[in-house]
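What follows is the residue order along each chain.
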Amino acid sequence: MEKNFPEEFTQIIKFEPPLYKQRHQFVKDLVEKYKPKKVADLGCADCSLLWMLKFCSCIEVLAGLDICANVMKEKMHTLSPLPVDYLQPSERSLTITLHHGSVAHKDPCMLGFDLVTCIELIEHLEESELKKFPEVVFGFMAPSIVVISTPNSEFNSLLPRVMLYRHPDHKFEWSQAQFQSWALETARCYDYSVEFTGVGHPPTGMEKVGFCTQIGVFVRKHPRTGESVQSEKPMEAVYKTVFKAVYPSLKDEKYLQNAVINEVIFTAQIIKNRLMSKREEYGDDPERKSQFQPSMDCFSDYLGKLVVEKNMEPFVSGNEVYIPLTTIFSFPKVNRLCGTFEKLCKLIAGKVPLSSDGSAVMFSIEHENEED
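Naming follows an unreviewed UniProt entry, where the protein chain appears as Small RNA 2'-O-methyltransferase of Dicaeum eximium. Quoted straight from UniProt, the Catalytic activity (unreviewed entry) entry for the protein chain says "small RNA 3'-end nucleotide + S-adenosyl-L-methionine = small RNA 3'-end 2'-O-methylnucleotide + S-adenosyl-L-homocysteine + H(+)". UniProt's Sequence similarities (unreviewed entry) comment on the protein chain is quoted here verbatim: "Belongs to the methyltransferase superfamily. HEN1 family."

K.L.:
Before we go on, may I ask you to explain the overall build of the protein chain in this structure?
P.N.:
When its secondary structure is counted, the protein chain shows 14 helices and 11 strands. In the protein chain, buried positions account for 45% of the 372 residues. Pairs at least 24 apart in sequence give 72% of the contacts found in the protein chain among residues at least 6 apart. When the accessible surface of the protein chain is split by element, carbon and sulfur atoms take 52% of a total near 20,200 Å².

K.L.:
Could you clarify how one ought to interpret the layout of surface pockets in this entry?
P.N.:
One water molecule sets the probe size; rolling that probe over the atoms shows where empty space is left. Taken as a whole, the largest pocket encloses approximately 960 Å³ of empty space. Lining the largest pocket we find 38 residues, and of these I119, E120, E123, H124 and H170 sit closest to its centre. When the residues that make up the lining of the largest pocket are grouped by side-chain class, the tally is 19 nonpolar, 9 polar and 10 charged.

K.L.:
Explain helix α5 (residues 127-141) here, please?
P.N.:
Between its first and last C-alpha, α5 extends 20 Å over 15 residues, near the 21 Å set by a 1.5 Å rise per residue. The largest bend in α5 is about 30°, located at F133, with the proline P134 one to four residues further on. When we look at burial in α5, the residues that qualify are L130, F133, P134, V136, V137, F138, G139, F140 and M141. Phi turns positive, to about 45°, at A142, one or two residues after α5.

K.L.:
How should I be thinking about the sheet that holds strand β11 (residues 360-364) in this particular structure?
P.N.:
What holds strands together in a sheet is hydrogen bonding between their backbones, with the strands either parallel or antiparallel. An order of β9-β10-β11 is seen for the 3 strands of this open sheet, with the pairing classed as antiparallel. This sheet does not close on itself; its edge strands, each paired only once, are β9 (315-317) and β11. The mean inter-strand angle of the sheet, taken between neighbouring strand axes irrespective of direction, is 25°. The pairing of β9 with strand β10 (residues 320-324) spans 3 bridges and is classified as antiparallel. Note that in β10 the partner of F315 across the bridge is Y322.

K.L.:
What is the right way to read the packing of aromatic side chains from this model?
P.N.:
Any aromatic ring pair is given by two values, namely how distant the centres are and how the planes are angled relative to each other. One pass over the structure, following the stated rule, counts 14 aromatic pairs. Ring centres 5.1 Å apart and planes at 85° place the aromatic pair F138 and Y192 in the edge-to-face group. Residue F138 is found in helix α5, and its partner Y192 is found in strand β6 (residues 192-199); the two are separated by 54 residues along the sequence. You'll find F138 and Y192 in the same group, each marked buried. On the basis of an interplanar angle of 35° and a centroid distance of 4.6 Å, the ring pair of F172 and W174 is categorised as tilted. We classify W174 as buried; its relative accessible area is 13%. Here a set of aromatic residues connected by ring pairs shows up, and it is made of F133, F172, W174, F179, W182 and F196.

Calculation rules
- Residues numbered from 1 in each chain as written.
- Predicted model: local features only at pLDDT ≥ 70, side-chain atom pairs only at ≥ 80, totals over all residues.
- Heavy atoms only, no water.
- UniProt positions renumbered as here; feature names shortened; annotations may be inferred.
- Helix = DSSP H or I, 4+ residues; strand = E, 2+ residues; numbered from the N terminus.
- Buried < 20%, exposed > 50% of the residue type's maximum accessible area, 1.4 Å probe, protein only.
- Contact = heavy atoms within 4.5 Å.
- Areas by Shrake-Rupley, 256 points an atom, 1.4 Å probe, with all protein chains shown as cover.
- 1 Å grid on protein atoms, 1.4 Å probe; cavity = no way out; pocket = protein on both sides within 12 Å on 5 of 7 lines; lining within 4 Å.
- Points joined across faces, edges and corners; volume = space filled by probe spheres on them.
- Nonpolar A, V, L, I, M, F, W, Y, C, P; charged D, E, K, R; others polar.
- Expected span 1.5 Å × (residues − 1).
- Bend = angle between axes of the 7 residues up to and from the residue.
- Pairing = 2+ DSSP bridges.
- Axes fitted to C-alpha atoms, helices over the stretch in contact; angles between N-to-C directions.
- Phe/Tyr/Trp six-rings, centres within 6.5 Å; stacked < 30°, edge-to-face > 60°.

Structure representation (structure tokens):
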């Protein structure tokens, strides 16, 4: 590569969107492609990548690791559930945990992940840490996919004000050949394949310089056996947990019950309002009333029996409106939440006013009549 670039290239490099956003989007695209359930971000720093990934519906476990606890603590509040998460729990479970520790150390909390990301991390490692890094990530953690990004030193001459390294904490910055040599040897040793790409395109005519950020995507060739993982599992944890958030989920019976009760009441209220609206429209005309509510008064004596027989028909009896549970269960959202009619009955038992036989939601309209 030429050491001295034409002057017109030295002041025009500006990435849109910013380079860090391109790196994060690259990871997000990879998540959408492979649908991992458990993702760990090593060197998570300000947690911005974890914040983006928490919205990916396939992910159920997110973990972050960084050597600097203070940086994580400044932004870890962004990973906490919001009030809306409790009002509208997700159908998936989600747990987010942050750990303080070094990627040169093994800890059992980092086992079992599908995807591990190391975004702009390795260039911050001391030589002794870099030597241990492959064994920790590829040998011990052994996820299905590892993503590693690092600066491409060949691009530095195109960046204004970059004298040696892009950041004062960088211990090295590799050329494309250096990174690929290290990555290929690491992949060979631990039975992975690796593909190279990057973000931050060079100017037209300077394609040989390569991407500003070079990326290696490592994919494990064969599934890891449980025995090999267990044999290397340390006896004690070495990382310190500094944050943990468990999001409300419909997989938790408590949140599921609340969601079902709210949806049942909401659905029944809509049906009741439509029924009463028609009742007002038709007034006391018996012929017109029969068009929407056949034999409305016949339910008063044998309520339980007739609700079952007329199980899809809401009706009024005296000052009560009855909405059969079978009608409510037929609504898509209620059906999807409960799965079975029996589950619906179990979740709302004692929580929603029901008819004497428990087959219909019951509303009183006495106060409405008084207002009229």
